[in-house]
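Residues per chain are reported as follows:
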Amino acid sequence: RSGEMAKLTQLIDNEVFRAYATYTTIVLLKMMLMSLITAYFRITRKAFANAEDTASFGKGENAKKYLRTDPDVERVRRGHLNDLENIVPFLGIGLLYALSGPELYTALLHFRIFTGARIAHTFAYLIPLPQPGRGLSWAVGYAVTISMAYKVLKTALYL
Amino acid sequence: RSGEMAKLTQLIDNEVFRAYATYTTIVLLKMMLMSLITAYFRITRKAFANAEDTASFGKGENAKKYLRTDPDVERVRRGHLNDLENIVPFLGIGLLYALSGPELYTALLHFRIFTGARIAHTFAYLIPLPQPGRGLSWAVGYAVTISMAYKVLKTALYL
Amino acid sequence: RSGEMAKLTQLIDNEVFRAYATYTTIVLLKMMLMSLITAYFRITRKAFANAEDTASFGKGENAKKYLRTDPDVERVRRGHLNDLENIVPFLGIGLLYALSGPELYTALLHFRIFTGARIAHTFAYLIPLPQPGRGLSWAVGYAVTISMAYKVLKTALYL
């Protein structure tokens, strides 16, 4: 038992892997925050997607008028979906990258820039900032993921 | 070759990791089930998103009327998207948590409650149950993920 | 330090794991390509979701008319979401499968068929091919994931 545990925790003792664990957790928590912001706007704007969510506003037509879309809710939802589309590749490719033996300095650079770019993307989406603010923050995160993918394929390619 | 394999399977021999593998597979299979339920409602409600999917109903206007949204289809799709938003963080944070050396008992508690909460969330969404049924099941899964994230950051933090 | 690194890179030296790393990276890059195709159609069809994206077309009503949905844009977005729904399970279950000690030949078969099926699915969605082209390519990827899930549960089950 304890021998096995030691071998397992080895992974988490590696600095590159610890950096991956830290930044992945941060960026996933940031993504999870989008659910709370959506809920906040749904409640303050009274705009819901499900009949059972409006039951507390009364019965019939009175409740039905809150079954609607709201621009602020939709904006957060688009930001949330964009997170999924970009953080899922980071989760997978980042893990493989962390296991491909990169230099600690290079790995930290990748993880930090990606995390910073996604946080900037969220601010750019929600404030919203004029373009190309959101576009650039998206592109930076995208480029970091491509760079990690290149390293993974260079190290591990087995077709 | 066989030496390497032994070291690799080490991971899958660890009880915490096996529990993670089991519950992650269950919860991902549950998410995949949403695709089949969506297909079931699309076919029985005759509500499709793509013109090529309605071709078997004939040509022209006759087929075009099935290019529409249906409340039951949309409900399953919202449940599916909610799964993605919540199971992706579990997949990533749960893996890092499993590698951070938690007690087996505590890890099992986290994995079991998360899996139970997501199954309950699906029932609450599809039946549908009156609120706060769905809200509570969502919040329980969310809280379990936050708890695992806390353990990961406490063990591995490397900024 | 260097001892730890050796143990870590062990994983990436394993042939099954290298195959997983290769095909997962390819399929995630394919999914990321959907973002570029969406951007391409948004720009050429002039169909945007955010007011700040249309600012370069002028002010007021002139810009507002580009805040609209377009069938080509929506088609790519449906393909992208379908990727998320199917590649996320592959990412998680595939990793656990790669760690469950499958035969190299069997593992390669799973990874190659899944990757081929998802590439075929994208072509079927975007051309679009008549059904059951898209449906079949989706079902093949789905079946491969189920097969890997079965192997994971058979090897690792710990409830």
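Just so you know, these numbers come straight off a predicted model, no measurement behind them.

### Comments concerning the layout of surface pockets
Estimated volume of the second largest pocket: approximately 690 Å³. Lining the second largest pocket are 23 residues, with Ala39, Arg42 and Asp53 of chain A together with Asn82 and Arg134 of chain B positioned closest to its centre. Counting only elements with at least two residues in the lining of the second largest pocket, the list comes to α2 (15-44) and α4 (71-98) of chain A together with α4 (71-98), α5 (104-126) and α6 (133-156) of chain B. For the lining of the second largest pocket, the leading source of residues is α2 of chain A, giving 6 residues. A class-by-class count of the residues in the lining of the second largest pocket yields 8 nonpolar, 8 polar and 7 charged.

### Thoughts on the confidence of the model for chain A
Residues and elements named next belong to chain A. Per-residue confidence for chain A gives a mean pLDDT of 92; residues scoring 70 or more make up 94%. pLDDT under 50 marks residues 1-6. Its contacts with residues more than four places away, or in other chains, come to 6 contacts. Note on the complex model: pTM 0.94, ipTM 0.93.

### Focus: the interface of chain B and chain A
Taken together, the contact between chain B and chain A spans 40 residues of the former and 41 residues of the latter. A buried area of about 3400 Å², summed over both sides, lies between chain B and chain A, and 69% of it is on carbon and sulfur atoms. When residues of chain B are sorted by the area they lose upon contact with chain A, Leu96, Leu99 and Tyr158 of chain B head the list and together hold 20% of the total. If you look at where chain B meets chain A, you find 3 salt bridges. Among the salt bridges present, the one from Glu52 of chain A reaches Arg75 of chain B, with a minimum N-O distance of 2.8 Å. If you list the elements that add at least two residues to the side of chain B that touches chain A, you get α1 (2-13), α4 and α6 of chain B. Residues that form the side of chain B that touches chain A fall into these classes: 26 nonpolar, 8 polar and 6 charged.

### Remarks on the relation of the copies chain C and chain A
Least-squares fitting of chain C to chain A yields an RMSD of 0.0 Å, with the superposition described by an axial translation of 0.0 Å and a rotation of 120°. Such a combination of rotation and displacement between the chain copies is what one expects of a three-fold axis. Residues of chain C ranked by C-alpha distance from the rotation axis are headed by Val88 of chain C, positioned 4.3 Å from it. Of the interface residues in chain C, just 17% have counterparts in chain A that sit at the interface too, so the contact is made through distinct surfaces.

### Some remarks on the nonpolar core
Within the largest apolar cluster, 109 residues are counted, with the highest numbers of intra-cluster contacts made by Phe17 and Phe111 of chain A, Phe111 of chain B together with Phe17 and Phe111 of chain C. Setting aside residues no more than four positions away along its own chain, Phe111 of chain C makes contact with Val16, Ala19, Tyr20, Tyr23, Phe90, Tyr97, Ala98 and Met148 of chain C.

### As for the packing of helix α2 (residues 15-44) of chain B against helix α6 (residues 133-156) of chain C
α6 of chain C packs onto α2 of chain B with a crossing angle of 155° between their chain directions and a minimal axis gap of 10 Å. Considering the angle they form, α2 of chain B stands roughly antiparallel to α6 of chain C. Seen along the crossing, α2 of chain B lies across α6 of chain C with a hand that is left-handed. Two secondary-structure elements touch here, α2 of chain B through Arg18, Ala21, Thr22, Thr25, Leu29, Met32, Leu33, Ser35 and Leu36 of chain B and α6 of chain C through Trp138, Tyr142, Thr145, Ile146, Ala149, Val152, Leu153 and Ala156 of chain C.

### Overview of the environment of Ala47 of chain A
Residue and element names in this part refer to chain A. Locating Ala47 in the fold gives a position in the loop between α2 and α3 (61-64). Considering only alpha carbons, one finds Ala47 and Met32, 15 residues apart in sequence, at a separation of 20 Å. Not counting residues within four places of it along the chain, the set of residues in contact with Ala47 comprises Arg42, Tyr66, Arg68, Thr69, Asp70 and Val73.

### Observations regarding the relation of the copies chain B and chain A
Once chain B is rotated about the relating axis by 120° and shifted along it by 0.0 Å, it coincides with chain A to within an RMSD of 0.0 Å. Mapped onto chain A, only 18% of the interface residues of chain B are again interface residues, and the two copies thus contact each other with different surfaces.

### What about unusual backbone geometry?
Cis rather than trans, the peptide bond between Ile127 of chain A and Pro128 of chain A has omega equal to -15°. Here Gln131 of chain A and Pro132 of chain A are connected by a cis peptide whose omega angle stands at 10°. Considering the arrangement of structural elements, one finds Pro132 of chain A in the loop between α5 (104-126) and α6 (133-156). Residues other than glycine seldom take positive phi values, yet Lys46 of chain B does so here, at roughly 50°. If you trace the backbone, Lys46 of chain B turns up in the loop between α2 and α3 (61-64).

### Re the pattern of salt bridges
All names here are of chain B. Applying the stated criterion across every chain yields a total of 21 salt bridges over all chains. Across the pair Asp83 and Arg118 runs a salt bridge, and its minimum N-O distance is 2.9 Å. Of this pair, Asp83 sits in helix α4 while Arg118 sits in helix α5, and the two are 35 residues apart along the sequence. Summarising the burial analysis for this pair, Asp83 and Arg118 share the class buried.

Conventions we followed
Residues numbered from 1 in each chain as written. Chains lettered and ligands numbered in written order. Predicted model: local features only at pLDDT ≥ 70, side-chain atom pairs only at ≥ 80, totals over all residues. Heavy atoms only, no water. 1 Å grid on protein atoms, 1.4 Å probe; cavity = no way out; pocket = protein on both sides within 12 Å on 5 of 7 lines; lining within 4 Å. Points joined across faces, edges and corners; volume = space filled by probe spheres on them. Helix = DSSP H or I, 4+ residues; strand = E, 2+ residues; numbered from the N terminus. Nonpolar A, V, L, I, M, F, W, Y, C, P; charged D, E, K, R; others polar. pLDDT = per-residue confidence, 0-100. Contact = heavy atoms within 4.5 Å. Buried area = accessible area lost by both parts, 1.4 Å probe. Salt bridge = Lys/Arg side-chain N within 4 Å of Asp/Glu carboxyl O. Least-squares fit on C-alpha atoms with pLDDT ≥ 70 in both. Core = buried A, V, L, I, M, F, W, Y, C linked by side-chain atoms within 4.5 Å. Buried < 20%, exposed > 50% of the residue type's maximum accessible area, 1.4 Å probe, protein only. Axes fitted to C-alpha atoms, helices over the stretch in contact; angles between N-to-C directions. Parallel < 35°, antiparallel > 145°, perpendicular 65-115°, else oblique. Left-handed = near helix turned anticlockwise from the far one by under 90°.

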